[in-house]
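Each chain, letter by letter, is given below.
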Amino acid sequence: MITSVVRWKEANGERIKGHEIELRMEDDGCTEEEITMQAARRLIDTPGLIGVIGPDCSTGARAALPLYEGAGVVAISGSATDSDLASTQPPGGFFFRTAYRNSFQGLVGGLFVATELGATTAYLIDDGETYGIDLINAAEAVMREQGIAVSRDTAPLGTVDFGLVVQRIMEAEPDFVGFASFNPDVSLLYRQLRDAGYAGEFGAGDAAASVQTFVEPVGRESAEGVYFVGCPLTLPEDFLADFERVHGDRPDASAFVAQYADAATLLLDAVARVAEEREDGSLVIDRAALRDAVSAGELEDGLSGRITFDEHGDRSTSETDLTAQALDFGVAACQVQGGRLVNLFP
């Protein structure tokens, strides 16, 4: 996100109508609702706050969004993917996201398992949290439509010993096992499955798609061939060079670098359009006008694809072909190959 702000300043000027662009960072706790709400309260109390890039995770977002809504603060998340986060906010809401929805991520993953892997049986596991349940529900629905026999299970977030789950999987003998959760949970289940002799296909969602937190702990050879949906997008070389210039290193394998960069660009574009300078030099940014400007914003060539928003604040597309929609929404499927995450599409 910081790189995106630097790039925006270089393209549009260091200031907006004479005023500095200041950034303030808060740890929002991801799935820890109370921490997300505390971060939201601190940001809302910050003098001159015009918008928030976040929240990070779906569980925390669901708790904090009413606070931002009540304060009239625009929040654009690049990673909270729970399917109905935006559509359940009040009309004229202040929440937007450059991230795709779990409903679409699950659709892409489910169709991939059915058509590309040719699976006829699948064992799907959620972590009992908002993200995991939502993603697995979406994947299960499309798999069943494709004729795959699906078994369901739950392994609560923070599980270390997956012995009982592994036993049930081995008894079911599925072609494919999918687990929607975060690492280290996903990497631990995968290692215990392989140790038990499971030789079928394995996959997970964006929260586990990482070389650092999945491939390296599991080991390159053992991780070879694992599939993910919602993978890090291929970033253009000029952005990578700018990122390294700003941070001193290239970005890690975070799945949402592109989506957060686009969120920052959309917010700054909207602020520049609606900011009004008074005679005394002060700047006025009407909260409703900023919300409307974000809603009407568009990135034709965003790092995560073309971005426009629908009436709820979700990404919209006019494409009907699934692959074209994946390109529009920034959803990539990938596989571990040679210790790296290699995108299969787009």
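Everything numeric here is computed off the predicted structure, so don't read it as measured data.

**Section: the pairing of strand β7 (residues 149–154)**
On a regular strand, each side chain points to the face opposite its neighbour's, so the side chains alternate between the two faces of the sheet.
Then, number 1: Across 6 bridges, strand β6 (residues 121–126) lies against β7 in parallel orientation. Looking at β7, one finds that Leu124 is bridged to Arg152.

**Comments concerning the environment of Thr98**
Then, number 1: Position of Thr98 relative to the elements: it lies in the loop between β5 (95–97) and α4 (102–116).
Then, number 2: In sequence terms Thr98 and Gly330 are 232 residues apart; their C-alpha atoms lie 8.9 Å from each other.

**Considerations on the pairing of strand β15 (residues 333–337)**
Then, number 1: Along β15, 4 of the 5 residues are buried, which leaves the element largely enclosed by surrounding structure.
Then, number 2: Where strand β10 (residues 227–229) lies against β15, 3 bridges are found, and the strand directions are antiparallel. Bridge pairing in β15 links Val229 to Ala333.
Then, number 3: As paired strands, β15 and strand β16 (residues 340–345) are joined by 5 bridges and run antiparallel to one another.

**Focus on the sheet that holds strand β9 (residues 201–204)**
Whenever strands of a sheet pair, they do so through backbone hydrogen bonds, lying parallel or antiparallel.
Then, number 1: The 7 strands are arranged β7-β6-β8-β9-β10-β15-β16 in an open sheet whose pairing can be described as mixed. Looking at strand neighbours, the two that pair on one side only are β7 and β16, the edges of this open sheet. Averaged over all pairs of adjacent strands, the angle between strand axes in this sheet comes to 25 degrees, irrespective of strand direction.
Then, number 2: In this sheet, strand β8 (residues 176–180) lies alongside β6 in parallel orientation, the contact comprising 5 bridges. From the neighbouring strand, Ile125 faces β8, where its bridge partner is Phe179.

**Looking at the packing of helix α6 (residues 163–172) against helix α7 (residues 185–195)**
Then, number 1: Axis separation between α6 and α7 bottoms out at 10 Å; the angle between their running directions is 50 degrees. Here α6 is positioned oblique relative to α7, judged by the angle of their axes. Crossing geometry of α6 relative to α7 is assigned as right-handed. Taken together, the residues of α7 that come into contact with α6 (itself represented by Gly163, Val165, Val166, Ile169 and Met170) are Leu189, Gln192 and Leu193.
Then, number 2: Looking at the contact of α6 with α7, its residues break down into 6 nonpolar, 2 polar and no charged.

**Considering the pattern of salt bridges**
Then, number 1: Enumeration according to the criterion identifies 20 salt bridges in this entry.
Then, number 2: With a shortest N-O distance of 3.5 Å, Arg7 and Asp238 are connected by a salt bridge. Residue Arg7 is located in helix α1 (residues 2–12), and its partner Asp238 is located in helix α10 (residues 237–247); the two are separated by 231 residues in the primary sequence.
Then, number 3: When its relative accessible area of 24% is taken as the criterion, Arg7 is described as partly exposed.

Definitions and cut-offs
- Residues numbered from 1 in each chain as written.
- Predicted model: local features only at pLDDT ≥ 70, side-chain atom pairs only at ≥ 80, totals over all residues.
- Heavy atoms only, no water.
- Pairing = 2+ DSSP bridges.
- Helix = DSSP H or I, 4+ residues; strand = E, 2+ residues; numbered from the N terminus.
- Buried < 20%, exposed > 50% of the residue type's maximum accessible area, 1.4 Å probe, protein only.
- Axes fitted to C-alpha atoms, helices over the stretch in contact; angles between N-to-C directions.
- Parallel < 35°, antiparallel > 145°, perpendicular 65-115°, else oblique.
- Left-handed = near helix turned anticlockwise from the far one by under 90°.
- Contact = heavy atoms within 4.5 Å.
- Nonpolar A, V, L, I, M, F, W, Y, C, P; charged D, E, K, R; others polar.
- Salt bridge = Lys/Arg side-chain N within 4 Å of Asp/Glu carboxyl O.

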